[in-house]
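Read off the chains here:
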Number of protein chains: 2
Amino acid sequence: MDKKNNKNESRCALQEILDVIGGKWSMSIIYALFTGKKRFSELERLIPNINTRMLVKELKNMEANGIVTRQVFATVPPTVEYTLTTKGEKLQPSINELHKWGLEFVG
Amino acid sequence: MDKKNNKNESRCALQEILDVIGGKWSMSIIYALFTGKKRFSELERLIPNINTRMLVKELKNMEANGIVTRQVFATVPPTVEYTLTTKGEKLQPSINELHKWGLEFVG
């Protein structure tokens with residue numbers, strides 16, 4: 001019984017992970033942030049084909065999921081910087097493995 | 001210029017990976033197949049909350065992406081078995097890392 005519950009929990013965890021990294025651009029944004037904090041405009045430039053509305057939406061979702069923090073500086077115009085949280089940084093081994101797999105098998 | 005192209009390719013690869021593992025149940029199915037080939041009915045039992053229609057759909061998609069192979073045996077009633085391809089098996093390190101991350105941070 002306990003064993004069955006553990007199995008179910010394992011598989012449910014995998015599905016919840018998709019809420020966090022399954023957005024079309026989430027992994028690309030996380031990947032861009034591995035090299036350090038970035039301004040909104042930098043992310044926009046670094047990620048090909050993303051549009052402003054999508055980037056805003058994904059970053060909001062990632063902030064809500066505790067993957068990135070958003071810091072606003074009172075400059076004129078205001079500067080907004082995004083940084084990975086510890087939770088976000090710890091995705092590095094997973095995303096690196098997926099990336100290696102992608103380079104070997106995709107495209 | 002070459003450097004920029006490499007960067008773009010890296011991020012595009014991450015997006016294509018989602019076509020393969022980003023389905024709501026794909027990772028759970030792959031996870032279940034790491035322990036060896038499974039019959040359709042076994043997968044249905046192993047993956048909580050999935051319905052028959054969804055399982056059929058995800059498996060078809062995974063077959064099209066070269067992640068699983070489908071083998072039909074001429075028994076009565078016919079037996080259908082699913083196995084990971086090499087491409088699918090090589091997702092093990094990535095999914096294990098995601099799983100570890102999920103157990104630490106999700107839920």
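Up top is the structure.
Just so it is clear, the structure is predicted and the values come from calculations on it, not from any experiment.

**Q** Even after reading the chapter, I still don't get the environment of Arg39 of chain B, so can you show me in this structure?
**A** Residue and element names in this part refer to chain B. You can see Arg39 is positioned in strand 1 (residues 38–39). Given the relative accessible area of 41%, Arg39 is considered partly exposed. Discounting residues that sit within four places of it in the chain, Arg39 has contacts with Thr79, Val80 and Glu81.

**Q** Looking at this structure, I do not really get the relation of the copies chain B and chain A. What am I missing?
**A** One copy of the chain maps onto the second through a rotation around an axis plus a translation along that axis. When chain B is fitted to chain A, the best match, at an RMSD of 0.0 Å, comes from turning it 180 degrees and sliding it 0.0 Å along the axis. Taken together, the rotation and translation relating the two chain copies correspond to the operation of a two-fold axis. Residues of chain B ranked by C-alpha distance from the rotation axis are headed by Ser94 of chain B, positioned 2.6 Å from it. Both copies contact each other with a shared surface, as 100% of the interface residues of chain B are interface residues in chain A too.

**Q** What's the story with the sheet that holds strand 1 of chain B in this structure? I'm lost.
**A** Two modes of strand pairing occur in sheets, parallel and antiparallel, and in both the strands are linked by backbone hydrogen bonds. All names here are of chain B. Spatial strand order, 1-3-2: three strands in an open sheet with antiparallel pairing. The open sheet has two edge strands, strand 1 and strand 2 (68–73), and neither has a second partner. Inspection of the sheet shows strand 2 paired to strand 3 (residues 79–84) by six bridges, in the antiparallel sense. Following the sheet pairing, Gln71 is matched in strand 3 by Glu81. Strands in contact with helix 2 (residues 26–33) are strand 1, strand 2 and strand 3; relative to strand 3, the strand with the most contacts, it is inclined by about 95 degrees.

**Q** What is the right way to look at the side chain of Lys87 of chain A in this model?
**A** With respect to the helices and strands, the residue Lys87 of chain A is situated in helix 5 (residues 86–89). In this structure Lys87 of chain A touches Asn65, Gly66 and Ile67 of chain A together with Trp101 and Phe105 of chain B, once residues within four positions along its chain are discounted.

**Q** Help me out: how do you make sense of the packing of helix 2 (residues 26–33) of chain A against helix 6 (residues 92–105) of chain A in this one?
**A** Helix packing for two helices is described by the angle between their axes and how far apart those axes are. All names here are of chain A. Orientation of helix 2 relative to helix 6, taken along the N-to-C sense of each, is 115 degrees, at an axis distance of 11 Å. The orientation of helix 2 with respect to helix 6, classified from their angle, is roughly perpendicular. Note on packing geometry: the crossing formed by helix 2 with helix 6 is left-handed. Contact residues: helix 2 offers Met27, Ile30 and Tyr31, while helix 6 offers Ile95, Leu98 and His99. Residue classes in the contact of helix 2 with helix 6 are distributed as five nonpolar, one polar and no charged.

**Q** Could you clarify how one ought to interpret the interface of chain B and chain A in this entry?
**A** Put simply, an interface is often sized by how much accessible area is lost when its parts join up. Chain B puts 39 residues into the contact, and the matching count from chain A is 39 residues. Each partner contributes to the roughly 3,900 Å² buried at the junction of chain B and chain A, and carbon and sulfur atoms together form 73% of this total. Taken together, the links from chain B to chain A amount to two salt bridges. For the salt bridge of Glu104 of chain A with Lys90 of chain B, the shortest nitrogen-to-oxygen distance reads 3.2 Å. Summed over the shared surface of chain B and chain A, the number is eight residue pairs in polar contact (both at pLDDT 80 or more). For the side of chain B that touches chain A, the secondary structure elements donating two or more residues are helix 1 (2–21), helix 2, helix 5 (86–89) and helix 6 (92–105) of chain B. Considering every element that reaches the side of chain B that touches chain A, the biggest residue donor is helix 1 of chain B, with eleven residues. A class-by-class count of the residues in the side of chain B that touches chain A yields 20 nonpolar, eleven polar and eight charged.

Criteria and cut-off values
Residues numbered from 1 in each chain as written. Chains lettered and ligands numbered in written order. Predicted model: local features only at pLDDT ≥ 70, side-chain atom pairs only at ≥ 80, totals over all residues. Heavy atoms only, no water. Helix = DSSP H or I, 4+ residues; strand = E, 2+ residues; numbered from the N terminus. Buried < 20%, exposed > 50% of the residue type's maximum accessible area, 1.4 Å probe, protein only. Contact = heavy atoms within 4.5 Å. Least-squares fit on C-alpha atoms with pLDDT ≥ 70 in both. Pairing = 2+ DSSP bridges. Axes fitted to C-alpha atoms, helices over the stretch in contact; angles between N-to-C directions. Parallel < 35°, antiparallel > 145°, perpendicular 65-115°, else oblique. Left-handed = near helix turned anticlockwise from the far one by under 90°. Nonpolar A, V, L, I, M, F, W, Y, C, P; charged D, E, K, R; others polar. Buried area = accessible area lost by both parts, 1.4 Å probe. Salt bridge = Lys/Arg side-chain N within 4 Å of Asp/Glu carboxyl O. Polar contact = N/O pair within 3.5 Å; in protein donor to acceptor, adjacent residues only side chain to side chain.

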